[in-house]
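Residue-level listing of the chains:
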4 protein chains.
Amino acid sequence: MELTKKMNVGVIGLGAMGLPMAKNLLRKGFEVTVFDARNEPIQTLEKLGAKIGHSPKEVGLQSRIVLMSLPSSKEVEKVVAAEDGLAHNMKKGGVIVDTSTIDPAVSRRLADECEKMGLHMIDAPVSGGTTGAEKGTLSIMVGGDRYTVKRCKGVLQAVGRNIYHVGDVGAGQVFKIINNMLVAINLIGVSEALVLAMRAGVDPKLLYNVVKTSSGNSWALEQKLPVMIKNNFKLGFRVWLQHKDLALAMSLASQLGASLPMASLAYQLYEATKAIGLEDLDHSAVVKVLQHLSGISSARAAE
Amino acid sequence: MELTKKMNVGVIGLGAMGLPMAKNLLRKGFEVTVFDARNEPIQTLEKLGAKIGHSPKEVGLQSRIVLMSLPSSKEVEKVVAAEDGLAHNMKKGGVIVDTSTIDPAVSRRLADECEKMGLHMIDAPVSGGTTGAEKGTLSIMVGGDRYTVKRCKGVLQAVGRNIYHVGDVGAGQVFKIINNMLVAINLIGVSEALVLAMRAGVDPKLLYNVVKTSSGNSWALEQKLPVMIKNNFKLGFRVWLQHKDLALAMSLASQLGASLPMASLAYQLYEATKAIGLEDLDHSAVVKVLQHLSGISSARAAE
Amino acid sequence: MELTKKMNVGVIGLGAMGLPMAKNLLRKGFEVTVFDARNEPIQTLEKLGAKIGHSPKEVGLQSRIVLMSLPSSKEVEKVVAAEDGLAHNMKKGGVIVDTSTIDPAVSRRLADECEKMGLHMIDAPVSGGTTGAEKGTLSIMVGGDRYTVKRCKGVLQAVGRNIYHVGDVGAGQVFKIINNMLVAINLIGVSEALVLAMRAGVDPKLLYNVVKTSSGNSWALEQKLPVMIKNNFKLGFRVWLQHKDLALAMSLASQLGASLPMASLAYQLYEATKAIGLEDLDHSAVVKVLQHLSGISSARAAE
Amino acid sequence: MELTKKMNVGVIGLGAMGLPMAKNLLRKGFEVTVFDARNEPIQTLEKLGAKIGHSPKEVGLQSRIVLMSLPSSKEVEKVVAAEDGLAHNMKKGGVIVDTSTIDPAVSRRLADECEKMGLHMIDAPVSGGTTGAEKGTLSIMVGGDRYTVKRCKGVLQAVGRNIYHVGDVGAGQVFKIINNMLVAINLIGVSEALVLAMRAGVDPKLLYNVVKTSSGNSWALEQKLPVMIKNNFKLGFRVWLQHKDLALAMSLASQLGASLPMASLAYQLYEATKAIGLEDLDHSAVVKVLQHLSGISSARAAE
């Protein structure tokens, strides 16, 4: 039976993605109970009609389904498996939908623990950025058993547009990790293209116009080459998140015995982007590392 | 004054790209004189109304404009600058349009030599593959002075759809080289994504469907992931050409003092693709090198 | 007070390194109690005068100092921290000397747990291979407080020759991991040198003789280029151990925010060496991956 | 017949290597005629008894054997093959000994041209730095036919200590290029080791002492880690020369179809070292690029 709007939906983690997702659930008529360590997003949501849960436990007690949007495996593990977490406090038959991007092995382990408690957990990492979260147009890559995923359909459709059921628990993470690994590689490719163009005296805007309609095109080029040209990296998907997702890709590759020389180089270049202090910029800021390596100063880059 | 259809157009180099370009010129009503070292394409074109030139010299003597489509700098240099080549034999005011992808420094040098003989040479490398050449929908990146490029407009529009005038002589090559460098990087990214997916037990077709609508998308993924999945690399842009274009990119980077770690890794992986005997396959065959590195045999890949 | 020969020394883990270390302790007059999951090395040592401990607990109960030589963090953690492990069963004041190469963070955590139980733990990873272990000429990189390290001096000198006290707990691991990261990079350098020499038709033995006395020399070249030339990789430090140590290096770099592009490439090439089934060969077998990438078959390599 | 001291020896190129080589020839009793574009080294040598040649031609006319020490293929080509160069002006039977490091294909081509003029040319690149040149203790890697090499024995022994006859013309270059490629890789390995050590709070001097006696050792570590620790890169083999030799290695690999991922990464990192303005420092200054990538400032590095 699908989890309908009459049932209360919990949302834990009200950051750049979790907050707009909670808003969309409210807008679509769900009863929503929310929790976050910070007060600010809670107050925002209370004004929009959300109930306040003062702990994961409280949210769990009041919800048939709980959506999580958390930064990393560590937080997910705590919210789900701690003594005062969801697994020990939700009623049997409840469902946890984890939209965080984390290690698929952790997703599988936590789902197993939930099963033992009579609960269900699916992984549903999202793609589309804060804009997608606000507009409710996220792509969602869902891993879980067919029945549970079906029960969550209404909730997922309230926050996203393209819902892909890609396999059992953990599969959503694998797809998300692979997708984000590809973005990183493509972004570094675009960075090197820009560096070569600058060194050759080519107008970067012309480069953008030409390659956009040619075989070198990619989402990374279309969306992020203009950002690199403007040299303004304030918005978007942050460097430290891109770095984290690459770490997950390398860890997955290592577990599976895959040798990925190019992804591995991408990871080291994002490590450098973090190390030189750009971790809170948009992930396209990796171009600054490549520019440094070719002796192009930021000042010159900003012209 | 634009070079009109009444003027004879020469075509030298009737390979996978040159032959369909010559056909399109005939179809659009140009008088065409052709030359190639091989008989077969010449006979094909004769039946369609082309005149035969028995040497670059003969083509040059009969043409106001000569289009070249040759494999590398060496052949272009010979056809243009040899004693019996175009520079010594075309009438003053004639134009050479080089659609080959070669070192931009060679383009510039040959254009200088042509100027001294009262001729004009522009570089106009093309993108879009054999399909684009056949349909006349190629993208063309043109480098040359404004006046000469304008004179060639009719001829360029007969073989391509998007005509970009990107700068002075050599600039067309720079754009083409950067574009093709990007394709190679993106293709290797897609290869590593496929390897990781296979190792993780993910259905590659599902990966294709999901990433195609996500931020990991690229021309390389859309056009070539299906080829990799089918494990059939017979058609398309050959490995040795991709390798040659990467060599041009690395050489350009070296001349300009650009450090390109990822492009350089891509070049080495294409070197490996050639070295293991795949040089005549489609450039997406680089996936086989990546599969080998992760212990995935071709047989398994072909399943 | 130094732990003298009259005190019983335990040895847990009797593999390629642990077995000869136990033999050396017996030879030097220590009373030795041993444990391993396999029977064979235990019987060998019993004949030489060792007592048998049937579990880590039994070894711990009978020993003032216990030497461990185990494959990875997981086994070390179990032997030290499990209910029937050393921490819960050794008498207060006892010392654990871990000669395994593991994550320094694990070393530090276990040492902390030991302190709480009134025990001391130091890390003492070794370098020098099975030959060094047999001859008692190992280099040992010791991390721990000055007093505890001093107490272990006699035991360490019984199994090694160069004893370096390099810092607090965990520092031994850091030194070992950095050293082994360097070996891997140098070995791949030697592999690429050999590949280039073979392609250039150069006699590899002559290459060896010349570079050995030139600035390109390294331990890796002196010790392992002859192995690569003979194409016989049966003995020595195994690929999977080299791979494991590189994984520790990458993990350490990641924890500390270091960007190591070359070490990271080395790791991927060792991943490939494992993936193509060479994990039990000597670590110089990485040359086979590099030879494959240049189209040199093993058969040809073996000539 | 060996070329004895009574015969005049020419030296062309009196830089950091050529000047001390000329001095050693004078010291050993050879009659020496010298040429360089700059006045200073010529005056120095005149005081020591050298004759002055005012052009390569003059040196060639007066010498049975001419030693060259020039920066790159371009200069060697000019001095040998130009109208007023050695090939057109030396007497038949004369010998050219090229101690420069250049493209082996150029060495072979020039040697062929010399043969046609009745002359002989061998390549004899040297290793050992300015110190080795001054002390006459250079290692020399000689390529040429047995008879010609034998004739040059006396001259080579006057400037070097280890004389390796490694094959036909060009082979000396191949050995030198491979050796210098190895140094670069090993230096970057040492740089990454230092970066990881600094991030881990390890004392770099202790790292040096320990690894020097372990399997991670190399000439690069022994000679250059102390330089990196002192952060003083004023003396030694310059970055731009190391970069040039890596370019030769990559070009050779490309000609021969060898895929060298690690050497290629090393080349890009030296490209970066040049690009950030360090081209005149010692080649160990590549560490500064690696330090930047891990967020370690030079100031901190200098502590």
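Residues numbered from 1 in each chain as written. Chains lettered and ligands numbered in written order. Predicted model: local features only at pLDDT ≥ 70, side-chain atom pairs only at ≥ 80, totals over all residues.

As for the interface of chain C and chain D
- Between chain C and chain D, the residue contacts involve 52 residues of the former and 52 residues of the latter.
- When contributions to the side of chain C that touches chain D are tallied by element, the ones reaching two or more residues are strand E8 (138–143), strand E9 (160–167), helix H9 (171–199), helix H10 (204–212), helix H12 (239–256) and helix H13 (261–275) of chain C.
- Considering each element in turn, the side of chain C that touches chain D owes the most residues, 18 residues, to H9 of chain C.
- The residue makeup of the side of chain C that touches chain D, split by class, is 33 nonpolar, 17 polar and two charged. (Contact = placed C-beta atoms within 7 Å. Helix = DSSP H or I, 4+ residues; strand = E, 2+ residues; numbered from the N terminus. Nonpolar A, V, L, I, M, F, W, Y, C, P; charged D, E, K, R; others polar.)

Points about the domain arrangement of chain A
Residues and elements named next belong to chain A.
- Under the domain assignment used here, chain A contains domain 1 (8–167) and domain 2 (175–302).
- One C-alpha centre belongs to domain 1, the other to domain 2; they are set 30 Å apart.
- Each partner contributes residues to the interface: domain 1 has ten residues there, and domain 2 has twelve residues.
- The residue inventory of the side of domain 1 that touches domain 2, partitioned by class, reads five nonpolar, four polar and one charged. (Domains from an automatic or database assignment.)

Observations regarding the pairing of strand E4 (residues 65–68) of chain A
All names here are of chain A.
- Neither face of E4 is open: one carries Ile65 and Leu67, the other Val66 and Met68, and all of them are buried.
- With four bridges joining them, strand E1 (residues 8–12) and E4 adopt parallel strand pairing. Paired with Ile12 across the strands is Met68, a residue of E4.
- Note that E4 and strand E5 (residues 95–98) share four bridges and pair parallel. Considered in E5, the bridge of Val66 is made with Ile96. (Buried ≥ 20, exposed ≤ 12 C-beta atoms within 10 Å, placed from the backbone. Pairing = 2+ DSSP bridges.)

A short note on the relation of the copies chain A and chain B
- In the superposition of chain A on chain B (RMSD 0.1 Å, axial shift 0.1 Å), the rotation amounts to 180°. Read as a symmetry element, the transformation amounts to a two-fold axis. Considering only C-alpha atoms, the residue of chain A closest to the rotation axis is Ser218 of chain A, which sits at 1.8 Å.
- In this assembly the copies share their binding face: 100% of the residues contributing to the interface of chain A also contribute to that of chain B. (Least-squares fit on C-alpha atoms with pLDDT ≥ 70 in both.)

Quick look at the relation of the copies chain C and chain D
- Turning chain C through 180° and shifting it by 0.0 Å along the axis lays it on chain D, with an RMSD of 0.1 Å.
- Counting the interface residues of chain C, we find that 100% of their copies in chain D are interface residues as well, pointing to one common contact surface.

Thoughts on helix H5 (residues 104–116) of chain C
- Under the 1.5 Å per step criterion, the end-to-end length of H5 of chain C is 19 Å for 13 residues, consistent within 8% with the ideal 18 Å.
- Just beyond H5 of chain C, the residue with positive phi is Gly118 of chain C, at close to 80°. (Expected span 1.5 Å × (residues − 1).)

Topic: the interface of chain A and chain B
- The partner chain B presents 52 residues to the 52 residues of chain A that form the contact.
- Of all elements in the fold, only strand E8 (138–143), strand E9 (160–167), helix H9 (171–199), helix H10 (204–212), helix H12 (239–256) and helix H13 (261–275) of chain A reach the threshold of two or more residues within the side of chain A that touches chain B.
- Ranked by the residues each element gives to the side of chain A that touches chain B, the list is headed by H9 of chain A, at 18 residues.
- Counted by class, the side of chain A that touches chain B contains 33 nonpolar, 17 polar and two charged residues.

Describing the environment of Ile178 of chain C
- Mapping Ile178 of chain C onto the fold places it in helix H9.
- Taking the C-alpha atoms as reference, Ile178 of chain C lies 8.9 Å from Leu246 of chain C; in sequence the two are 68 residues apart.
- For Ile178 of chain C, the contacting residues outside a window of four places in its chain are Ala193, Leu196, Ala197 and Leu207 of chain D.

Re the pairing of E8 of chain C
Residues and elements named next belong to chain C.
- With six of six residues buried, E8 lies mostly within the body of the structure.
- The alternating pattern of E8 places Leu138, Ile140 and Val142 on one face and Ser139, Met141 and Gly143 on the opposite face, and all of these are buried.
- Where strand E7 (residues 126–127) lies against E8, two bridges are found, and the strand directions are antiparallel. Among the inter-strand pairings, Ser127 is bridged to a residue of E8, identified as Ser139.
- Across six bridges, E8 lies against E9 in parallel orientation. Pairing of Ser139 across the sheet is with Asn162, part of E9.

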